[in-house]
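# Breakdown of the fold
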Amino acid sequence: MRSQIMLKILSLTLIGSAIGLSAWLLSANFPRSRQLVIPAVFDRDQPMLTRLGPDIRIKMENGEALILDDPVYFDLRSLPWFSRLRVTMVYRENSRLLQGIGGQVGAGWQYDVKTPVANQPLADGYRQAIFDFNLAEVYQQKNVRRFAISTKDAGADAGEIDIRKLILTLYW
Amino acid sequence: MAAIFLHSNKFCREAARRVFRVSILVFIGLFIGECFLPGLVTNWFNPVWILIIAIISAIISQDND
């Protein structure tokens, strides 16, 4: 009798946990604020956002990613109901200029590089650039979209761009 | 003593059977969701942990008597 009651409690707990897990997944994928913020972690891949690559064009220094060559890529995995993306980048140019960020618009090497919609100077020589994308225009495969950060040398010597922060915000 | 052991053994097997049923259904549901919408589940956690729970509970629930 007692074991029957305990089994019933166990069943109810398991079903409650399954419902709770589903509710949590739903709230995670459909955030109430209608936006999902993904800060980049430069030294490792995350489930939704890869690190910058290829490795040969990136150097890590003091927690910042240094772009040494052009272009540099990152992949974003987002679900279909997120229609807009805002990329916020805090960076500093060091004999290397930021040309823009572009989403892949077709198979292969096709990128639509955009200049920032806003670019303002910050303290200690850094700048904050904001890029907006309509995700419907970005080519995707299995919900993965690739973006390229385009840069160019400012002078004769090879320079670098220090990226302090890269934050992706998805809107639905 | 033997009766208590056999009874708790039966209880454990039945509990494991219930854990298996729920965990395998949850895993299948998550798997189907992930197939249709890649990233729906794996953007947040690895569902293979639920499969591991299902497998362990299936092993425990086996009646070897």
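Note that the structure is a prediction, hence the values are computed from the model and not measured.

### Let's talk about the nonpolar core
L52(A), L85(A), F147(A), I149(A), I163(A), L166(A) and L168(A) are the most contacted members of the largest nonpolar core, which totals 42 residues. Residue contacts for L166(A): discarding those within four places in its chain leaves I38(A), P39(A), A40(A), F42(A), L52(A), F74(A), V87(A), T88(A) and M89(A).

### Here we look at the interface of chain A and chain B
Think of interface size as the accessible area that goes away when the parts come together; that is how it is often given. On the side of chain B, 20 residues touch chain A, which itself brings 22 residues to the contact. Roughly 1,900 Å² is buried in total at the junction of chain A and chain B, and carbon and sulfur atoms are behind 74% of that figure. Across the chain A-chain B interface, the total number found is seven residue pairs in polar contact (both at pLDDT 80 or more). Of the residues forming the side of chain A that touches chain B, the biggest block, 13 residues, is contributed by helix α1 (residues 2-29) of chain A. Residues that form the side of chain A that touches chain B fall into these classes: 15 nonpolar, four polar and three charged.

### Some remarks on the pattern of salt bridges
Residue and element names in this part refer to chain A. Within the structure shown, the criterion is met by 12 salt bridges over all chains. The residue D45 makes a salt bridge to R51 at a minimum N-O spacing of 3.8 Å. The class for D45 is partly exposed, based on a relative accessible area of 46%.

### Looking at α1(A)
Along its 28 residues, α1(A) runs 41 Å from first to last C-alpha, staying within 8% of the 40 Å computed at 1.5 Å per residue. Three or more residues of α1(A) are buried, namely S3(A), L7(A), S11(A), L14(A), A18(A), L25(A), A28(A) and N29(A).

### Structural notes on the confidence of the model for chain B
Segments scoring low in pLDDT should not have their predicted coordinates read at a detailed level. When pLDDT is averaged along chain B, the result is 88; 85% of the residues meet or exceed 70. Under the prediction, the complex receives an ipTM of 0.84, its pTM being 0.86.

### Some remarks on a nonpolar patch on the surface
A surface patch of nonpolar side chains, about 480 Å² in accessible area, is lined by V48(B), W49(B), I52(B), I56(B) and I60(B). By the secondary structure assignment, I52(B) is in helix α2 (residues 48-60).

### Side note on the packing of aromatic side chains
Evaluation of the coordinates by the stated rule reveals 10 aromatic pairs over all chains. Both rings, one in W24(A) and one in F45(B), keep their centres 6.0 Å apart while their planes meet at 45°; by these two values the pair is tilted. With W24(A) in helix α1 and F45(B) in the loop between α1 (2-36) and α2, the pair connects residues from two separate chains. Given a relative accessible area of 40%, W24(A) falls into the partly exposed group. The interplanar angle of 25° and the centroid separation of 6.2 Å between the aromatic rings of F27(B) and F31(B) together place this pair among those described as stacked. With F27(B) and F31(B) both in helix α1 and four residues apart, the pair spans about one turn of that helix. Judged by its relative accessible area of 16%, F27(B) is buried. The partly exposed category is assigned to F31(B), whose relative accessible area is 48%. Here the aromatic residues F30(A), W81(A), F82(A) and W172(A) are joined through ring pairs into a cluster of three or more. The ring centre of W172(A) lies 4.0 Å from the NZ or CZ of R34(A), which sits over that ring.

Definitions and cut-offs
- Residues numbered from 1 in each chain as written.
- Chains lettered and ligands numbered in written order.
- Predicted model: local features only at pLDDT ≥ 70, side-chain atom pairs only at ≥ 80, totals over all residues.
- Heavy atoms only, no water.
- Core = buried A, V, L, I, M, F, W, Y, C linked by side-chain atoms within 4.5 Å.
- Buried < 20%, exposed > 50% of the residue type's maximum accessible area, 1.4 Å probe, protein only.
- Contact = heavy atoms within 4.5 Å.
- Buried area = accessible area lost by both parts, 1.4 Å probe.
- Polar contact = N/O pair within 3.5 Å; in protein donor to acceptor, adjacent residues only side chain to side chain.
- Helix = DSSP H or I, 4+ residues; strand = E, 2+ residues; numbered from the N terminus.
- Nonpolar A, V, L, I, M, F, W, Y, C, P; charged D, E, K, R; others polar.
- Salt bridge = Lys/Arg side-chain N within 4 Å of Asp/Glu carboxyl O.
- Expected span 1.5 Å × (residues − 1).
- pLDDT = per-residue confidence, 0-100.
- Patch = residues over 30% accessible without salt bridge, like charges linked within 9 Å, V, L, I, M, F, W, Y side chains within 5 Å.
- Areas by Shrake-Rupley, 256 points an atom, 1.4 Å probe, with all protein chains shown as cover.
- Phe/Tyr/Trp six-rings, centres within 6.5 Å; stacked < 30°, edge-to-face > 60°.
- Lys NZ or Arg CZ within 6 Å of the ring centre and 35° of its normal.

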